[in-house]
Protein chains: 2
Amino acid sequence: MDALEKVFEQIDQSWDDEVKFLQQLGRFPSTLGNETATQRFLANKFREMSLETDEFIPDVKKLSSLPGFSAPEWSYDGRPIVVGKLPTKGPKQGKSLILQGHIDVVSPEPMRLWDYDPWGSTIEGDRMYGRGLCDMKSGVAAMIYAVKAIQDAGIELGADVLLETVYEEECTGNGALATLQRGYVADGGLIPEPFGPTALKAQVGVIWMRVRVTGAGSHVNIANQSVNAIEKSYILIDALKKYREYINYTKPKHEAFKDVDHPLNVNIGIIKSGDWASTVPADCMFEVRIGLYPDQDPQEIKDEVKAWLLEAAAQDPWLKEVQPEITFYGFHAHGVNLEENLEVYSYLDAAHHKVYDSEMKYLATTATTDVRFYNLFYNIPMTCYGPTGGDMHGANEWVDLTSVREVTKVYAAFILDWCGIRK
Amino acid sequence: MDALEKVFEQIDQSWDDEVKFLQQLGRFPSTLGNETATQRFLANKFREMSLETDEFIPDVKKLSSLPGFSAPEWSYDGRPIVVGKLPTKGPKQGKSLILQGHIDVVSPEPMRLWDYDPWGSTIEGDRMYGRGLCDMKSGVAAMIYAVKAIQDAGIELGADVLLETVYEEECTGNGALATLQRGYVADGGLIPEPFGPTALKAQVGVIWMRVRVTGAGSHVNIANQSVNAIEKSYILIDALKKYREYINYTKPKHEAFKDVDHPLNVNIGIIKSGDWASTVPADCMFEVRIGLYPDQDPQEIKDEVKAWLLEAAAQDPWLKEVQPEITFYGFHAHGVNLEENLEVYSYLDAAHHKVYDSEMKYLATTATTDVRFYNLFYNIPMTCYGPTGGDMHGANEWVDLTSVREVTKVYAAFILDWCGIRK
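Computed from a prediction, not measured in an experiment: that's the story for all the values here.

Conventions adopted
Residues numbered from 1 in each chain as written. Chains lettered and ligands numbered in written order. Predicted model: local features only at pLDDT ≥ 70, side-chain atom pairs only at ≥ 80, totals over all residues. Heavy atoms only, no water. Axes fitted to C-alpha atoms, helices over the stretch in contact; angles between N-to-C directions. Helix = DSSP H or I, 4+ residues; strand = E, 2+ residues; numbered from the N terminus. Parallel < 35°, antiparallel > 145°, perpendicular 65-115°, else oblique. Left-handed = near helix turned anticlockwise from the far one by under 90°. Contact = heavy atoms within 4.5 Å. Nonpolar A, V, L, I, M, F, W, Y, C, P; charged D, E, K, R; others polar. Polar contact = N/O pair within 3.5 Å; in protein donor to acceptor, adjacent residues only side chain to side chain. Buried < 20%, exposed > 50% of the residue type's maximum accessible area, 1.4 Å probe, protein only. Pairing = 2+ DSSP bridges. Least-squares fit on C-alpha atoms with pLDDT ≥ 70 in both. Salt bridge = Lys/Arg side-chain N within 4 Å of Asp/Glu carboxyl O. Buried area = accessible area lost by both parts, 1.4 Å probe. Expected span 1.5 Å × (residues − 1).

A. A look at the packing of helix α3 (residues 36-48) of chain A against helix α5 (residues 133-152) of chain A. Residue and element names in this part refer to chain A. Their axes nearest at 11 Å, the elements α3 and α5 cross at an angle of 10 degrees. Between α3 and α5, the interaxial angle falls into the category roughly parallel. Our pair here, α3 against α5, has a crossing hand that is right-handed. Touching Leu-42, Lys-45 and Phe-46 of α3 are Val-140, Ile-144, Tyr-145 and Lys-148, all from α5. Class assignment for the residues of the contact of α3 with α5 results in 5 nonpolar, no polar and 2 charged.

Given below as structure tokens:
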């Protein structure tokens, strides 16, 4: 039995463990700011695996001068990033590797739409349901159990492997950036984002915008003389819908997204205004996520969309005088068009074929992932490849368990090949 | 010096006290559910004035079978209604009187628009600023100090006076209804709502509606295949704007409101959706206040606006299938067109002329007040007349202090005449 067979056998043997581990991971409600318990749990797991484990707090001051930094509106106190290093024992014989996954998840609200406990990790048939199980705790479990299977099979690798669990992939990417700032680099990397058995070839950039509209509030008995901030906001939301049409269908498409019907989403994700039905709301706040192409600068897009909104505001007698306040926070993320012959692709393709008969597909995603930092700013070839699932960010998010097992094997095969087996 | 002169002199002498009392009253943040401290303060005031003071909790079960009841979504536990009775000493010689004011106030949010502490009762020139000082703590101070001046002048009245401080005028009117349910009735009444030295002749009815729109939430990378509940909500908000045009300009106006340009406001007062810019919001909730005419039944208008919205929903492929959930709570308030020769008018007009040279004006208000219960369901002639101010429900709400002093005098003159001076 060769090394790969032994490792695959190990993965099959520990499959029940891996499922239980994933269930545990899914039961942590690790939304923004609430990742600490999950990270402690993972750090303990890494220590159990005898990895050199580093828990550290991002230094926002140091991060803020790095390219790709996104301004947060919150503190990093008490929120560790975790890196577990499996050092090679002796001179480097292969290529070192980063396996990175994010454990932050978005809110499960509105809860009423769920048929399962979002923190219950319910298994039904081949699916496990829960917030973050697809995006991307299943990938985290797969990458950890791939390394564990290699260890348990008694195989020594020819180069270091770093297992990294980060947060804020969903809003800034500063968790990933913090690992790089701390010096965790390697010859290549994978992120098991749940795109299925598919290699990422391009991703859009993302910015977050906040718009505050001020009306003139008053008692409803003079509501027709007042200015309702909710109604005024819709002028700007309409303008954003037009902007969405413009950037997707009027402007030329980026080559990497030529087969994607609607690459650049402009999503009104939040709106909040008022606290009394009989009061004319004097302000309204809404937040928007805006996509951009790999060759665009986030700052230029911020300027463009701001100008677009102010132009729309100028058409309205009230908004012309009382201009909306337009600010940006969170994602200031560049898009990435990965190199055609990224070094990891051939290894990943080979590993893919150890598990699947079908060809490995390539994906241009209309979302962002942490790979941008590694490829754009640290010259580390890195792509995504992960489990299959659905309803990410929605109700009844699920992951296909068979795909998790298969991805665990693909990752193990990749590691053996990329890092090499110590001779 | 006759009785009225003595009372007016008393009001002038105690004016500084009245201003201080109003300042204290304004410093209680008596928003919905937070009225208890204010009510205890007022009950103590009534006891200091040797009134027979009753603090009682509304019995929602008993109220719910009464006409004019509005369904609350909250409890009345620990939230007293206060009635202070100044009983006449001997056989009734005049007419008994209810003086009623509400001490609940709407939220001061958004605070950022205030130039004054909303709970600071700041005096600048002739104005006092703060949430609820106009609507309607100044009126409450005026009615109390009118009675107090009569007491302090040593005058015995010929009939009982009830001083009542209630809450939920701003959302249900159940405070007023509770006083009636408990048996507090009289030959007539006044509410010092801040309409200025103006008698109320008509008011609209009001209903509150809540609309929940369900979209199909998901990760933003498939946002264009998802259904954004915020964007879908605007289809219904547009329909409500059309409904507003229809009821104000297409339907015939009620006679009492023929001189009012836009009597029936339809106000989108609250909207809430989403918690993440990069998630397509799966639901959106908004609340609306809708006005109706005195001859209309609130239930009929509820049915009408619901049908209107469902008709608009039917034009949209998504909303047709996933219909909005339309419910009603709070205000189920009839409009009132007061009798031409309401008994209180002639007395009020006479009292008005004791203080003002100008004619007393009459007002058809596009808001609701508690007078509806007394006139419609208890045959108690009651109108409003009160201080002058501005920015009710808005930032920098204020009351004109001179008007408060004048209204205190008008009320005192009214009481002396209506209740009579014991011979």
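On we go.
B. Layout of the environment of Glu-359 of chain B. Residue and element names in this part refer to chain B. As for its placement among the helices and strands, Glu-359 is situated in the loop between α10 (343-355) and β14 (361-365). Sequence-distant contacts of Glu-359, defined by excluding residues within four places in its chain, comprise His-352 and His-353. Within polar-contact distance, the side chain of Glu-359 engages the side chain of His-353 at 3.3 Å.

C. Local environment of the environment of Ser-226 of chain A. All names here are of chain A. Counting through the fold element by element, Ser-226 comes out in the loop between β9 (205-214) and α7 (229-250). Residue Ser-226 is classed as buried on the basis of its relative accessible area of 14%. It is 64 Å that separates the C-alpha atoms of Ser-226 and Phe-414, two residues lying 188 residues apart in sequence.

D. Quick look at the sheet that holds strand β8 (residues 198-203) of chain A. Residue and element names in this part refer to chain A. The 3 strands lie next to each other as β13-β8-β14, forming an open sheet whose pairing is mixed. Pairing within the sheet leaves two strands with one partner each, and these edge strands are β13 (336-337) and β14 (361-365). Of the strand pairs in this sheet, β8 and β14 are connected by 5 bridges, and their pairing is parallel. By the bridge assignment, Thr-198 is partnered in β14 with Lys-361.

E. The sheet that holds strand β6 (residues 161-166) of chain B, seen in detail. Residues and elements named next belong to chain B. Sheet architecture is open: 6 strands sit in the order β1-β2-β6-β3-β7-β15, paired in mixed fashion. Single-partner strands in this sheet number two, and they are β1 (52-56) and β15 (382-384). Across the sheet, the axes of successive neighbouring strands diverge by a mean angle of 15 degrees, strand direction being ignored. Sheet topology places strand β7 (residues 189-191) next to β15; 3 bridges connect them, and they run parallel. Note on β15: the bridge partner recorded for Gly-189 is Met-382.

F. Inspection of the relation of the copies chain B and chain A at higher detail. The transformation that overlays chain B on chain A combines an axial shift of 0.0 Å with a rotation of 180 degrees, and the residual RMSD is 0.0 Å. Such values leave the two copies arranged in the relation of a two-fold axis. Closest approach to the rotation axis among the C-alpha atoms of chain B is made by Lys-272 of chain B, whose C-alpha sits 2.3 Å away. Mapped onto chain A, 100% of the interface residues of chain B are again interface residues, and the two copies thus contact each other with one and the same surface.

G. Examining the pattern of salt bridges more closely. The final tally for this structure, using the stated rule, is 42 salt bridges over all chains. Among the salt bridges present, the one from Lys-95 of chain A reaches Glu-343 of chain A, with a minimum N-O distance of 3.7 Å. Here the residue Lys-95 of chain A occupies a position in the loop between β2 (81-86) and β3 (97-102), and Glu-343 of chain A occupies one in helix α10 (residues 343-355), the gap between them amounting to 248 residues. Accessibility expressed as a relative area gives 37% for Glu-343 of chain A, which makes it partly exposed. In this structure, Glu-231 of chain A engages Arg-244 of chain B in a salt bridge whose closest nitrogen and oxygen atoms are separated by 2.9 Å. You can see Glu-231 of chain A sitting in helix α7 and its partner Arg-244 of chain B sitting in helix α7 (residues 229-250), one on each of two chains.

H. Highlighting the side chain of Asp-370 of chain A. Relative to the helices and strands, Asp-370 of chain A is located in the loop between β14 and α11 (371-377). In this structure Asp-370 of chain A touches Gln-100, Val-166, Glu-169, Gly-173, Ala-176 and Ile-191 of chain A, once residues within four positions along its chain are discounted.

I. View of the interface of chain B and chain A. Taken together, the contacts link 59 residues of chain B with 59 residues of chain A. For the chain B and chain A pair, buried surface summed over both sides reaches about 5,000 Å², with 55% attributable to carbon and sulfur atoms. Taken together, the connections running from chain B to chain A amount to 4 salt bridges. At the surface where chain B touches chain A, the tally comes to 28 residue pairs in polar contact (both at pLDDT 80 or more). If you list the elements that add at least two residues to the side of chain B that touches chain A, you get β9 (205-214), α7, β10 (266-273) and β11 (283-292) of chain B.

J. Fine view of helix α3 (residues 36-48) of chain B. In this model, α3 of chain B (13 residues) spans 18 Å end to end at C-alpha, consistent with the 18 Å of a helix rising 1.5 Å per residue. Once α3 of chain B ends, the next one or two residues include Ser-50 of chain B, with phi positive near 60 degrees.

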